[in-house]
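Below are the chains, spelled out letter by letter.
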Amino acid sequence: MLVGLSRTSSCHEALVSSSEFVINVLGDQHRDLALKFAAHGVDRFADSDFAVWPGARLPYLPDAHASFRCARWGTVPIGDHDLLVGALAEIRSGGPGKALLWYRRGFHTPG
């Protein structure tokens, strides 16, 4: 699994120094949360429905379309970003609705 992460992101240091990370595939009900994570200077986890992944102590969204727990395999510098490379360790799926996609500067759902 791959995640592009800006080096200026407030969560950059935490993610590149962690041995594991979670990727949440947001559902249509998470539009406001997606915008919150795109904002600067806010506590992204406050007032959200994150839970702790059992046995891993990582935050994840129980109602996400899908969540992927990854063991960080490496970090590759690309321009002003770092590419986190993770080996898939566990999957949770089954959140309601359709996946939320970002395309051409806007949110979309498939179908």
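Further up the page is the structure itself.
Scope of this entry: the structure provided in the associated data block. In this text, all values refer to a predicted model and were calculated from it rather than measured experimentally.

Procedures and definitions
- Residue indices begin from 1 for each chain and proceed along its sequence in written order.
- In view of the model being predicted, local features appear only for residues whose pLDDT reaches at least 70, and side-chain atom pairs are presented and counted only at 80 or more, with totals across whole chains, interfaces and linings using the full set of residues.
- Excluded from the side-chain calculations are hydrogens and water; all other atoms, namely the structure's heavy atoms, are used.
- Strand pairing is assigned whenever DSSP identifies at least 2 bridges connecting the two strands.
- The numbering of helices and of strands both runs from the N terminus, where a helix is a DSSP run of H or I of at least 4 residues and a strand a run of E of at least 2.
- For helices, the axis comes from a line fit to the C-alpha atoms of the stretch in contact; other axes are also lines fit to C-alpha atoms, and the angle between any two N-to-C directions lies between 0 and 180 degrees.
- When a carboxyl oxygen of Asp or Glu is within 4 Å of a side-chain nitrogen of Lys or Arg, the pair counts as a salt bridge.
- Note on exposure labels: buried denotes an accessible area under 20% of the residue type's maximum, exposed denotes more than 50%, and partly exposed covers the range between, all computed with a 1.4 Å probe on protein chains only.
- Any pair of residues with heavy atoms lying within 4.5 Å of one another is described as a contacting pair.
- A cavity here means a set of 1 Å grid points, computed over protein atoms only, where a 1.4 Å probe fits but cannot escape. A pocket is an open set with protein on both sides within 12 Å along at least 5 of 7 lines, and lining residues have an atom within 4 Å of a point.
- Grid points are joined across faces, edges and corners, and a volume is the space filled by probe spheres set on the points.
- Only Asp, Glu, Lys and Arg are considered charged in this grouping, and only Ala, Val, Leu, Ile, Met, Phe, Trp, Tyr, Cys and Pro are considered nonpolar; every other residue, Gly among them, is considered polar.
- The criterion is simple. A nonpolar core is a set of buried Ala, Val, Leu, Ile, Met, Phe, Trp, Tyr and Cys residues joined through side-chain atoms within 4.5 Å.

**What to know about the sheet that holds strand β1 (residues 2–6)**
Spatially, β1-β6-β5-β2 is the arrangement adopted by the 4 strands of the open sheet, whose pairing is antiparallel. Whereas interior strands pair on both sides, the edge strands pair on one side only; in this sheet they are β1 and β2 (20–25). Pairwise comparison of adjacent strand axes, ignoring direction, gives a mean angle of 40 degrees for this sheet.

**A word on the pattern of salt bridges**
Under the definition given, this model contains 4 salt bridges. Across the salt bridge formed by D82 and R7, the nearest N and O atoms sit 3.1 Å from each other. Linking D82 in strand β6 (residues 81–93) with R7 in the loop between β1 and α1 (12–17), this pair joins segments that are 75 residues apart in sequence. Note on D82: relative accessible area 9%, which makes it buried.

**Notes on the side chain of H30**
Following the sequence through the fold, H30 ends up in the loop between β2 and α2 (31–38). A relative accessible area of 6% places H30 in the buried class. Apart from residues no more than four positions distant in its own chain, H30 is found in contact with L61, D63, A64 and L100.

**A word on the layout of surface pockets**
Volume-wise, the largest pocket comes out at about 1,200 Å³. Forming the walls of the largest pocket are 35 residues, and the residues nearest its centre are V3, C11, L15, V22 and F37. Where the lining of the largest pocket is concerned, the elements lending two or more residues are β1, α1, β2, α2 and β7 (101–103). In terms of residue count, the dominant contributor to the lining of the largest pocket is β2 (6 residues). Residue classes in the lining of the largest pocket are distributed as 25 nonpolar, 8 polar and 2 charged.

**What to know about the environment of A38**
Take A38: it is sitting in helix α2. With relative accessibility at 56%, the residue A38 sits in the exposed group. In this structure, the C-alpha to C-alpha distance between A38 and F107, residues 69 residues apart in sequence, is 13 Å.

**So, the nonpolar core**
Core analysis: the biggest nonpolar cluster contains 8 residues, these being L5, V16, F21, I23, A66, F68, C70 and L84. Only β2 and β5 (66–78) provide two or more residues apiece to this core. Looking at which element gives the most residues to this core, the answer is β5, with 3 residues. Beyond its immediate stretch of four places on either side in the chain, V16 contacts L5, R72, T75, D82 and L84.

**So, unusual backbone geometry**
Trans is the prevailing form of peptide bonds, just as negative phi is the prevailing case for residues other than glycine. Of note in the backbone geometry, R104 takes a positive phi value of approximately 50 degrees without being a glycine. Looking at the secondary structure, you find R104 in the loop between β7 and β8 (106–108). Notably, R105 is not glycine yet its phi reads approximately 65 degrees, a positive angle. With respect to the secondary-structure elements, R105 resides in the loop between β7 and β8.

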